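The chain contents come next:
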Amino acid sequence: MRMSALLVPTLKEDPADAEVMSHRLLLRAGMIRKLTSGIYSYLPLGYRSLRKVEQIVREEMDAAGAQEVLLPMVQPGELWKESGRWDLYGLELLRFKDRHERECCLGPTHEEVITDLVRREVRSYKELPLNLYQIQTKFRDEIRPRFGLMRGREFLMKDAYSFDATEKGAEDSYQIMKEAYGKIFRRCSLRFAIVEADSGPIGGSFSHEFMVLADTGEDVIVSCNSCDYAANLEKAQTKAPPGNKGVSGSSMERVSTPGVKTVEDVADFLGVRQEDIIKTLIFLTEKGPVAVLTRGDHDVNEIKVKNFLNIVSLEFADAGLVEQVTGGPKGFSGPLGLSGLPMLADHSVGVMTSAVVGANKLDMHLTGVNPGSDIKVDHYGDFRCVVEGDPCPRCDGILGLSRGIEVGHIFKLGVKYSEAMNARFLDRDGVETPMIMGCYGIGVSRIVAAAIEQNHDGDGIVFPPPIAPFQVIVAPVGGKDPVIDEVAERVYSNLWEAGIDTLLDDRDERPGFKFKDADLLGIPVRITIGKKAWSQGQVELRNRRTRETSLVAEADVVETVKRVLKGWGTESIS
Ligand code: ATP
Ligand code: MG
């Protein structure tokens with residue numbers, strides 16, 4: 001490809017509305033343009049990267065025995081009513097009516113459509129297992145589309161669905177996908193972690209997320225410094241602290257705390273540590289209000305509370321409800337004297353002594369409270385988010401927190417959809433049985449953004465070669481010298497013939513201008529052809545990542561480039 005003919009509108013300045021690096025660089029490198037909120041057009045370079053990711057995903061899915069299909073994007077509302085998700089999915093599901101007033105939606109995911117297909121076509125255990133996948137545009141009307149390709153409303157996803165006759169088969173299908181995902185992210189040359197994720201009511205270790213490691217990631221990864229335990233923050237557990245329920249000689253006192261509501265303010269005002277305070281949070285669930293107690297310096301983990309109570313909705317109570325159940329205003333809630341609602345407390349609350357709690361009265365707190373003797377807790381359990389330094393649940397190690405970007409998610413669905421939608425097969429004994437399903441997603445477009453978050457420097461993108469739009473850029477800098485231009489043409493066509501995606505910067509521009517663009521675009525290898533080196537029959541090779549340059553004879557270019565691409569960042573790939 002020749003740069004002079006390519007639509008690659010690079011920008012010198014940072015675009016104003018791009019908050020994260022990948023978004024800024026994708027725009028500046030002329031790879032994407034925004035059409036409207038959360039919806040982007042891919043320009044030639046952006047599309048090339050996207051297609052490279054797509055191809056790696058496709059090859060590994062095929063190798064794992066999955067079969068590619070393409071399902072419709074517009075889906076009938078009835079299917080979603082059958083699965084029960086029409087009412088549960090919320091506003092991310094974009095709904096509309098066709099000219100016949102039939103309810104439709106744009107597919108945010110395809111469990112309903114695939115289950116409908118398979119229930120019609122598969123009858124017998126002999127036709128199972130089956131794993132079908134597609135690489136297709138999804139639409140989710142995200143509440144806050146942001147960060148460019150990272151959280152779009154329209155985005156490219158690979159979604160796969162497995163159907164098995166037995167539990168064992170479903171678990172094997174899951175493992176096969178887990179391994180295929182590892183291969184995919186390794187082939188993309190990305191540093192990643194596989195973390196346990198919440199698998200909702202199914203339980204067990206049947207939900208994993210694949211995270212690209214990047215400090216700018218939205219997701220928090222919890223990992224042990226000693227064993228291989230790793231989980232996302234929603235799922236991560238810690239050991240319950242040793243010791244008995246806290247009791248001490250202190251006695252309760254009521255103290256005046258005018259206008260002091262937050263944990264920080266209470267700690268400052270009373271001169272205590274945040275961990276000496278018990279937070280009392282009132283939530284409203286579909287089963288009624290509930291109180292959850294955590295230590296002042298801890299955050300409640302809503303997923304753990306939801307799983308424990310087996311509920312889907314958990315919202316902070318508004319001021320009116322707080323007043324109604326505690327008798328006091330918001331900001332002064334405490335666990336004493338609450339009745340008629342379940343009270344959950346995190347394990348770490350149980351071992352506290354002489355704690356501070358809200359008094360359920362305006363401008364009042366209680367001190368000297370001992371959970372062991374003073375508070376009537378219904379259930380002690382694991383209800384909080386872990387923090388840096390917590391003990392590992394599996395070994396004697398310590399948990400640490402880091403950041404990542406979720407690029408893939410695998411999940412055992414069990415019979416959730418096959419039961420609801422009646423996707424049954426005849427087993428060996430001729431008995432009708434629901435198929436056991438799994439679903440496996442990869443954010444194909446998000447990978448492009450995540451790769452950039454992980455691999456960039458002050459000059460631009462540093463694409464890993466397998467997903468770079470081009471692997472090599474040839475830059476003649478001879479000021480239109482016909483000899484130099486001829487060498488450039490030759491090097492360029494030799495690289496193409498060797499199967500290396502190469503871009504020729506044949507524009508009539510100064511060297512500095514070409515180099516800046518090459519760096520911005522993140523093309524792994526630049527080959528500069530200039531008069532001085534060529535007078536010795538050499539060209540200059542530059543590694544975008546290490547910025548190292550070397551002079552190479554024209555005849556050795558192809559082999560050297562291959563070697564550089566092959567050895568790319570191997571020391572940093574997990
Ligand atoms: P998130 O928690 O980030 O919203 P999710 O749990 O909704 O993700 P899944 O439904 O599991 O995601 O979708 C599969 C994959 O699709 C995710 O792992 C992610 O890589 C990608 N993905 C999800 N939502 C978006 C989005 N709005 N824009 C781009 N990619 C997305
Ligand atoms: Mg989501």
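What you see is a predicted model; the values in this text were computed from it and never measured. (Residues numbered from 1 in each chain as written. Chains lettered and ligands numbered in written order. Predicted model: local features only at pLDDT ≥ 70, side-chain atom pairs only at ≥ 80, totals over all residues. Heavy atoms only, no water.)

## A closer look at the pattern of salt bridges
No. 1: Tallied over the full model, the rule gives 44 salt bridges.
No. 2: K412 is the partner of E167 in a salt bridge, and the nearest nitrogen-oxygen pair spans 2.6 Å. Taken together, the residues span a long stretch of sequence, with E167 in helix α6 (residues 167-187) and K412 in strand β21 (residues 399-414) at a distance of 245 residues.
No. 3: Under the relative-accessibility criterion, E167 is labelled partly exposed at 43%.
No. 4: Note that R526 is salt-bridged to E540, the shortest N-O span being 3.7 Å. (Salt bridge = Lys/Arg side-chain N within 4 Å of Asp/Glu carboxyl O. Helix = DSSP H or I, 4+ residues; strand = E, 2+ residues; numbered from the N terminus. Buried < 20%, exposed > 50% of the residue type's maximum accessible area, 1.4 Å probe, protein only.)

## Observations regarding the pairing of strand β6 (residues 103-106)
No. 1: Across 3 bridges, strand β4 (residues 74-76) lies against β6 in antiparallel orientation. Bridge pairing links V74 to L106 in β6.
No. 2: Pairing between strand β5 (residues 95-97) and β6: 3 bridges, direction antiparallel. Residue pairing across strands places F96 opposite C104, the latter belonging to β6.
No. 3: The antiparallel pairing of β5 with β6 creates a hairpin that spans 5 residues between the two strands, and E101 there sits at a positive phi of about 65°. (Pairing = 2+ DSSP bridges.)

## Comments concerning helix α9 (residues 319-326)
No. 1: Of the residues making up α9, those classed as buried are L321, V322, V325 and T326. Buried residues of α9, seen end-on, are gathered within an arc of 110° and therefore sit on one face of the element.
No. 2: For α9, the elements touching its buried residues are β14 (278-285) and β15 (288-295). (Arc of directions from axis to C-beta. Contact = heavy atoms within 4.5 Å.)

## Observations regarding the pairing of strand β11 (residues 219-224)
No. 1: As defined by bridge partners, β11 adjoins β21 across 6 bridges and the pair is classed as antiparallel. By the bridge assignment, I221 is partnered in β21 with S402.
No. 2: Pairing of β11 with strand β12 (residues 230-232), which is carried by 3 bridges, proceeds in the antiparallel orientation. Paired with I221 across the strands is N232, a residue of β12.
No. 3: If you look at the hairpin formed by β11 and β12, you'll find 5 residues sitting between the two strands.

## What to know about the environment of V377
No. 1: Structurally, V377 can be placed in the loop between α11 (371-374) and β20 (379-381).
No. 2: Placed 42 residues apart in sequence, V377 and P335 show a C-alpha to C-alpha distance of 8.4 Å.
No. 3: Leave out the neighbours within four places in its chain, and V377 touches L293, M343, L344 and A345.

## Side note on the packing of helix α1 (residues 21-28) against helix α13 (residues 444-454)
No. 1: Here α1 crosses α13 at 105°, and the two axes come no closer than 8 Å. The orientation of α1 with respect to α13, classified from their angle, is roughly perpendicular. Where α1 abuts α13, its residues M21, S22, L25 and L26 lie against V448, A449, I452 and E453.
No. 2: Among the residues forming the contact of α1 with α13, the class breakdown is 6 nonpolar, 1 polar and 1 charged. (Axes fitted to C-alpha atoms, helices over the stretch in contact; angles between N-to-C directions. Parallel < 35°, antiparallel > 145°, perpendicular 65-115°, else oblique. Nonpolar A, V, L, I, M, F, W, Y, C, P; charged D, E, K, R; others polar.)

## Remarks on α6
No. 1: Across its 21 residues, α6 extends 30 Å between first and last C-alpha, which sits within 8% of the 30 Å expected from 1.5 Å per residue.
No. 2: Here α6 has its buried residues at G169, A170, S173, Y174, M177, A180, Y181, G182, I184 and F185.
No. 3: S189 lies just past α6 and shows a positive phi near 60°. (Expected span 1.5 Å × (residues − 1).)

## Some remarks on the sheet that holds strand β19 (residues 364-369)
No. 1: With antiparallel pairing, the 3 strands of this open sheet are ordered in space as β13-β19-β18. Only two strands of the sheet have a single neighbouring strand rather than two, namely β13 (253-256) and β18 (355-358). Put simply, the sheet's adjacent strands are angled 30° from each other on average, direction ignored.
No. 2: In the sheet, β13 pairs with β19 via 4 bridges, with the strands oriented antiparallel. Bridging from a neighbouring strand, V255 pairs with H365 of β19.

## Description of the environment of L94
No. 1: Within the secondary structure, L94 sits in the loop between α4 (85-88) and β5.
No. 2: L94 gets classed as partly exposed once you look at its relative accessible area, which sits at 28%.
No. 3: Taking C-alpha positions, L94 is 5.5 Å from C105, a pair spaced 11 residues apart along the chain.
No. 4: Residue contacts for L94: discarding those within four places in its chain leaves C104, C105, L106, F139 and D141.

## Regarding the packing of aromatic side chains
No. 1: One pass over the structure, following the stated rule, counts 10 aromatic pairs.
No. 2: Ring centres 5.4 Å apart and planes at 85° place the aromatic pair W80 and Y89 in the edge-to-face group.
No. 3: Assessed through its relative accessible area of 0%, W80 is described here as buried.
No. 4: Three or more aromatic residues joined by ring pairs make a cluster, and in this case those are Y181, F185, F192 and F210.
No. 5: Over the ring of F470 we find R48; its NZ or CZ atom is 4.0 Å from the centre of that ring.
No. 6: Here the guanidinium or amino end of R95 rests over the ring plane of W86, the centre of that ring lying 4.7 Å away. (Phe/Tyr/Trp six-rings, centres within 6.5 Å; stacked < 30°, edge-to-face > 60°. Lys NZ or Arg CZ within 6 Å of the ring centre and 35° of its normal.)

## Overview of the sheet that holds β4
No. 1: Overall, antiparallel pairing links the 3 strands, which are arranged β4-β6-β5 in an open sheet. Where the open sheet ends on each side, the last strands, each with one partner, are β4 and β5. Taken pair by pair, the neighbouring strands of this sheet meet at an average axis angle of 40°, ignoring direction.

## Observations regarding the site of ligand 1
No. 1: Taken together, 14 residues lie near ligand 1, and R140, E142, R151, G152 and E406 sit nearest.
No. 2: One of the side-chain nitrogen or oxygen atoms of E142 is found 2.8 Å away from a nitrogen atom of ligand 1.
No. 3: Take E406: an N or O atom from its side chain is 2.6 Å from an oxygen atom of ligand 1.
No. 4: Across the complex, the protein chains shield 80% of the 580 Å² of accessible surface that ligand 1 would expose by itself.
No. 5: Take the shell around ligand 1: its biggest share by element is 4 residues, from β21.
No. 6: Of the residues contributing to the shell around ligand 1, the split by class is 5 nonpolar, 4 polar and 5 charged. (Near = heavy atom within 4 Å. Polar contact = N/O pair within 3.5 Å; in protein donor to acceptor, adjacent residues only side chain to side chain. Areas by Shrake-Rupley, 256 points an atom, 1.4 Å probe, with all protein chains shown as cover.)

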